[in-house]
Amino acid sequence: MVAVIHTSSRLRAVLHYNENKLEQGQAECISAFHYPKDADALTFEQKLNRIQRQLALNKRTKVNTVHVSLNFDPSEKLSKEQLAEISKAYLKGIGFEKQPALVYEHRDAGHPHVHIVTTNIKADGSRISLHNLGRNESEKTRKEIEIEFGLVKAQERNAQEFRIQPASIKVEYGKTETKKAISNVLSRVLKDYKFTTIGELNAVLNLYNVAADIGSPDSKIRKNKGILYRVLDKHGNKVGVPIKASDFHFKPTQQNLQKIFPENEVARQIGYQNIKNSINMVRYGQKNPTVSGLGKNLRRDGIDMVLRRNEQGALYGITFIDHRSKAVFNGSALGKEFGAKGITEWCRDTDLSLHQQRSQMIGKNAEQAENQQNTQQASSVGQFKNSRTVVDALFSPLQDNGYTPQELRKPRKKKQRGFSMGF
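A brief look at the structure comes next. Owing to the predicted nature of the structure, the values given are computational and were not obtained by experimental measurement. (Residues numbered from 1 in each chain as written. Predicted model: local features only at pLDDT ≥ 70, side-chain atom pairs only at ≥ 80, totals over all residues. Heavy atoms only, no water.)

**As for the overall build of the chain**
Scanning the chain from terminus to terminus reveals 13 helices and eleven strands. For the chain, long-range pairs separated by at least 24 residues make up 65% of all intrachain contacts whose partners lie at least 6 apart in sequence. Of the roughly 24600 Å² of accessible surface on the chain, a fraction of 49% belongs to carbon and sulfur atoms. (Helix = DSSP H or I, 4+ residues; strand = E, 2+ residues; numbered from the N terminus. Contact = heavy atoms within 4.5 Å. Areas by Shrake-Rupley, 256 points an atom, 1.4 Å probe, with all protein chains shown as cover.)

And the structure:
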């Protein structure tokens, strides 16, 4: 089992997220802890008002909504009763057993999972600390529940769908033999990840300092449909000698990659809804979210967000990599709202703002420097022809215009007035 915790100040939006799934037939509210009615007898307003009344007891605490997803292995067939009991045990383990909570079973992905909506504001108005909740109480409780309910243990399956962190197999140029290192990365990525384009493949490979290079539009390698594999340094620059695809024993050529794209298209569908759900949890749970904040939240769900920017820093492409299902999707393949344009319509791109500010500052400083230089040149060389620069003026002879510096003039003899006395 894998537990993912999201905290926010948007109870209504979080509840709407789950209720929308219910209306679409993709979810069911299976439990309502510390509610006066059973879950199936509650209206939306009753679900909302019960928790809202508790939030009103502490208006100082802004982060007051807790949204947890409990994810189970695809092989596990759990009934609604079992999911409800597991959710109850989880809430007790993290110190939320007395909190009002709603449990939704979601059926929109390739694995069993539930969403729990609750609050950290207690009945006496005090709050439950959320600091390191996931690392401490949640992790301890997760392990205990796996044993108690006989669930698949997340950390014991090397190839399982829910390993949150990608394998640590980064290539470092100069420290390992290049071909062998690239081969190790390629064999793992080609075997595990489900991509359908070279761009999606590169999004994964780049995480491990490797790139698949198909050449520039007019290059010989592009015309011959070849592919080179290269090592990247920590800045993403290509270093070292490129290795031809045909030099590897498993032949990761363009021709062979094209053959597995259709298979991957089908196999990656298990991650399709996982990624969309994780993005929407941030979208509905966070107020004024940022692109960098979205990336941080997705990493907690085991999803990497690879951004592509132009020279001006504007975002023009996004690729999502779900390390749980090993599915790779270009944002637009998930729907318009998940592409670069769609994401930036509801998610502030603070990195772009910083880039633009830097560009404006650089441009402003450059303009000021240029204006200052022009002023100095004009004042220093205004008397010289062809608007020569200060340096040219200093090392060029002066025009012969009859002017002699004061220091070089001979002293003038004073004119004697009147007559001489003769002594």
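**Let's talk about empty space enclosed by the protein**
Applying the stated criterion across every chain, the model contains five cavities of 30 Å³ or more. There is about 100 Å³ of room inside the largest cavity. Taken together, Ser 69, Asn 71, Ala 109, His 111, His 113, His 115, Asn 274, Asn 277, Ser 278, Met 281, Asp 301 and Arg 324 make up the full set of residues lining the largest cavity. Broken down by secondary-structure element, the contributors of at least two residues to the lining of the largest cavity are strand E3 (65–71), strand E5 (113–119) and helix H9 (269–285). Here the lining of the largest cavity gets four residues from one element, more than from any other, and that element is H9. (1 Å grid on protein atoms, 1.4 Å probe; cavity = no way out; pocket = protein on both sides within 12 Å on 5 of 7 lines; lining within 4 Å. Points joined across faces, edges and corners; volume = space filled by probe spheres on them.)

**Here we look at the packing of aromatic side chains**
One pass over the full model with this rule turns up five aromatic pairs. Relative to Phe 261, the ring of Phe 195 lies with its centre 6.1 Å away and its plane at 80°, an arrangement referred to as edge-to-face. Of the two residues, Phe 195 is situated in the loop between helix H5 (178–192) and helix H6 (198–205) and Phe 261 in helix H8 (residues 254–267); the sequence distance between them amounts to 66 residues. Taken individually, Phe 195 and Phe 261 each receive the classification buried, so the pair is uniform in this respect. Consider the rings of Tyr 229 and Phe 248, whose centres lie 5.9 Å apart with planes at 85°: the pair is edge-to-face. Of this pair, Tyr 229 sits in strand E7 (residues 228–232) while Phe 248 is found in the loop between strand E8 (238–244) and H8, placing the two residues 19 residues apart along the sequence. (Phe/Tyr/Trp six-rings, centres within 6.5 Å; stacked < 30°, edge-to-face > 60°. Buried < 20%, exposed > 50% of the residue type's maximum accessible area, 1.4 Å probe, protein only.)

**Quick look at the side chain of Asp 301**
Within the secondary structure, Asp 301 sits in the loop between helix H10 (291–300) and strand E9 (303–309). For the buried residue Asp 301, which engages in no salt bridge, the nearest side chain bearing the opposite charge is Arg 324, 5.3 Å off. Engagement of the side chain of Asp 301 in a polar contact is seen with the side chain of Ser 278, the distance being 2.9 Å. (Lys, Arg positive; Asp, Glu negative; His and termini not counted. Salt bridge = Lys/Arg side-chain N within 4 Å of Asp/Glu carboxyl O. Polar contact = N/O pair within 3.5 Å; in protein donor to acceptor, adjacent residues only side chain to side chain.)

**Topic: H8**
Here H8 contains 14 residues, and its C-alpha end-to-end distance of 20 Å stays within 8% of the 20 Å for a straight helix at 1.5 Å per residue. Where H8 bends most, the angle comes to about 30°, and this point is Phe 261, followed within four residues by the proline Pro 262. Restricting attention to buried positions, one finds in H8 the residues Gln 254, Leu 257, Phe 261 and Asn 264. Considering only its buried residues, H8 is in contact with H5, H6 and E7. (Expected span 1.5 Å × (residues − 1). Bend = angle between axes of the 7 residues up to and from the residue.)

**Notes on the pairing of strand E11 (residues 327–330)**
Pairing of strand E10 (residues 315–322) with E11, which is carried by four bridges, proceeds in the antiparallel orientation. Residue pairing in the sheet places Phe 320 in a bridge with Phe 329 of E11. Counting the residues in the hairpin turn of E10 and E11 gives four residues, including Lys 326, whose phi is positive at 65°. (Pairing = 2+ DSSP bridges.)

**What about unusual backbone geometry?**
In this model, Lys 225 sits at a positive phi of 55°, which is unusual for a non-glycine residue. Given a relative accessible area of 66%, Lys 225 falls into the exposed group. Not every positive phi belongs to a glycine, and Lys 251 is a case in point at roughly 50°. Mapped onto the elements, Lys 251 comes out in the loop between E8 and H8.

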